[in-house]
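Geometric and topological summary
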Amino acid sequence: MTMSSRNVAAIAMGIFLVALPLFGSDFFVDFVMTRTMMLGLAGATLVFLSAYGGMVSLAQWLIFGVAGFAVGNVVAESGRGLKLGMNPWMGVLVAIVITTLLALMLGALSARSTGIYYLMLTLTYAVIGFFFFGQVTTFSGFGGMTGIDPPGFFADEPKRLYYAGVALSLLAYVGFRLIARTPFGMSFQGLRDDPVRMSSLGFNVQLHRTLAFTLAGFVAGLAGILNIWWNGQIDPSSISISPTLDLFIIAVIGGIVHLEGAWLGAFVFVGANIYLRDSPLLGRIGGLIEDRILAADRFNTVIGVVLLVIMLVSPDGLAGMIARG
């Protein structure tokens, strides 16, 4: 049986990611690529819902953040939050259960909405989540939580966290593609194309959408757990509108109809965020800090220009451009 060029490219990329720590710099692996794996994993859930189900969700980052808050409340021994001081692995279990149940509830509530109404409803979820964790000091407050340590296996071992991100990313990529070929996945794509006809054929439209959103939420929760282990702190601004839209931008840059685009867009976004901020040329556009560093608001302008150029050249993102090339 012959493999498609897409499968060959995916296998080659997997091998490259596994071997990267052997020749890549510590900063590039531990910061750039580890962050890319986390954001790509979260972005893949958005792409999965959009590409296969026509559901453009802006609630994925909320679920991503809720996983971090859950781990923080369970693991942290001091500071804000519940301060339960439990085993970090217990924090993982609690976070997965909470995020999956949250995704199930939000998915069921929004299952009857479509198009722009679905997008706006999921954006409302994100706004509610931001104010909930900001105002309910029992679980966080606007000051957030710090000192959230990962399990001992990952403590002071950034390469292990990178490999965890790679492993989960590969599993999510393969899993989403396999699910798309199952009867559930095929009917889910049918709902994307013509939900009225699928409903008349006896398919439960709301149930399919709810289950798909729950699956995506489960994966987004895993990405959020990796993020809190990597970052060690979280606050409500981490799940505000700005990072919520950043995840959407990541998916669009990479190609919101291509699953691979989630990680490609994350790599471009993280790389630009790190390397363009130190560009003297871009800094002189405006918003210059300490004579060299690009200000945050000007970075948003730059990434907006990058997004505009990509959309003009390739409406289906960088992954679409590569596929056509």
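All right, on to the overall build of the protein chain then. What the protein chain contains, in helices and strands, is 14 helices and 2 strands. For 325 residues, the compact-globule formula gives about 20 Å, and the C-alpha radius of gyration of the protein chain, at 20 Å, lands near that figure. Along the longest, intermediate and shortest principal axes, the C-alpha atoms of the protein chain span 60 × 45 × 40 Å. Looking at the protein chain residue by residue over its 325 residues, the buried ones come to 50%. Looking at the protein chain as shown, the accessible area adds up to about 15,300 Å², and 68% of this sits on carbon and sulfur atoms. Counting 17 positive and 16 negative side-chain charges, the protein chain places the centres of these two groups 9 Å from one another.

Structurally, Phe218 can be placed in helix α9 (residues 205-231). For Phe218, a relative accessible area of 32% puts it in the partly exposed group. Sequence separation between Phe218 and Phe64 is 154 residues; the distance between their C-alpha atoms is 9.2 Å. Once you skip the residues sitting within four places of it in the chain, Phe218 turns out to touch Ile96 and Thr100.

For the coordinates displayed, the defined rule picks out 3 salt bridges. Between Asp26 and Lys159 there is a salt bridge, with its nearest N and O atoms 3.1 Å apart. Remark: Lys159 occurs in helix α6 (residues 158-181) and Asp26 occurs in helix α2 (residues 26-53); sequence separation between them is 133 residues. The exposure class assigned to Asp26 is exposed, which follows from its relative accessible area of 51%.

Among the secondary structure elements, Thr137 is positioned in the loop between α5 (115-135) and α6. Thr137 sits in the exposed class, given a relative accessible area of 58%. With 56 residues separating them in the primary sequence, Thr137 and Gly81 have C-alpha atoms 6.8 Å apart.

Assignment of secondary structure puts Gln189 in helix α7 (residues 183-193). Look past the residues within four positions of Gln189 in its chain and what remains in contact with it is Tyr52 and Ala180.

Looking now at a nonpolar patch on the surface. A cluster of nonpolar side chains, contributed by Leu82, Leu84, Met86, Met90, Leu93, Val97, Leu101, Leu104, Phe132 and Phe139, occupies part of the molecular surface with about 840 Å² of accessible area. Element by element, the count of residues in the nonpolar patch is highest for helix α4 (residues 88-110), at 5 residues. Within the secondary structure, Met90 is located in helix α4. By relative accessible area, which is 34% here, Met90 ends up partly exposed.

Scanning all chains against the criterion turns up 20 aromatic pairs. Their ring planes at 65 degrees and their centres at 5.6 Å tell us that Phe48 and Tyr52 sit as a pair that is edge-to-face. One end of the pair, Phe48, and the other, Tyr52, are both in helix α2, 4 residues apart, so they sit about a helical turn from each other. Tyr52 matches Phe48 in its accessibility class, with the two residues each being buried. Between Phe132 and Phe139, the ring centres sit 5.9 Å apart and the planes meet at 25 degrees, which makes this aromatic pair stacked. An aromatic cluster is built from Phe48, Tyr52, Phe176, Phe184 and Phe188, whose rings are joined through pairwise contacts. Over the ring of Phe153 we find Arg160; its NZ or CZ atom is 4.4 Å from the centre of that ring.

The contact between α4 and α5 brings their axes to 10 Å, and the two run at 145 degrees. Between α4 and α5 lies a crossing whose hand is right-handed. Residues Leu106, Leu109 and Ser110 of α4 form the contact with α5, whose own contacting residues are Tyr118, Leu121 and Tyr125. Considered class by class, the residues forming the contact of α4 with α5 number 5 nonpolar, 1 polar and no charged.

What follows deals with the confidence of the model for the protein chain. Mean pLDDT over the protein chain works out to 89, with 92% of the residues at or above the 70 mark. Counting contacts from residues 286-292, a segment whose pLDDT is below 50, to residues more than four positions away or on other chains yields 13 contacts.

This part covers the nonpolar core. Counting 84 residues, the largest nonpolar core has Phe48, Leu49, Val71, Tyr162, Phe188, Phe213 and Trp229 as the members making the most contacts within it. A total of 15 residues in this core trace back to one element, the largest contributor, which is α2. Other than its neighbours up to four places away in sequence, Phe188 contacts Phe48, Leu49, Tyr52, Gly53, Met55, His208, Arg209 and Ala212.

Conventions we followed
Residues numbered from 1 in each chain as written. Predicted model: local features only at pLDDT ≥ 70, side-chain atom pairs only at ≥ 80, totals over all residues. Heavy atoms only, no water. Helix = DSSP H or I, 4+ residues; strand = E, 2+ residues; numbered from the N terminus. Rg over C-alpha atoms; globule rule 2.2 N^0.38 Å. Buried < 20%, exposed > 50% of the residue type's maximum accessible area, 1.4 Å probe, protein only. Areas by Shrake-Rupley, 256 points an atom, 1.4 Å probe, with all protein chains shown as cover. Lys, Arg positive; Asp, Glu negative; His and termini not counted. Charge placed at Lys NZ, Arg CZ, Asp CG, Glu CD. Contact = heavy atoms within 4.5 Å. Salt bridge = Lys/Arg side-chain N within 4 Å of Asp/Glu carboxyl O. Patch = residues over 30% accessible without salt bridge, like charges linked within 9 Å, V, L, I, M, F, W, Y side chains within 5 Å. Phe/Tyr/Trp six-rings, centres within 6.5 Å; stacked < 30°, edge-to-face > 60°. Lys NZ or Arg CZ within 6 Å of the ring centre and 35° of its normal. Axes fitted to C-alpha atoms, helices over the stretch in contact; angles between N-to-C directions. Left-handed = near helix turned anticlockwise from the far one by under 90°. Nonpolar A, V, L, I, M, F, W, Y, C, P; charged D, E, K, R; others polar. pLDDT = per-residue confidence, 0-100. Core = buried A, V, L, I, M, F, W, Y, C linked by side-chain atoms within 4.5 Å.

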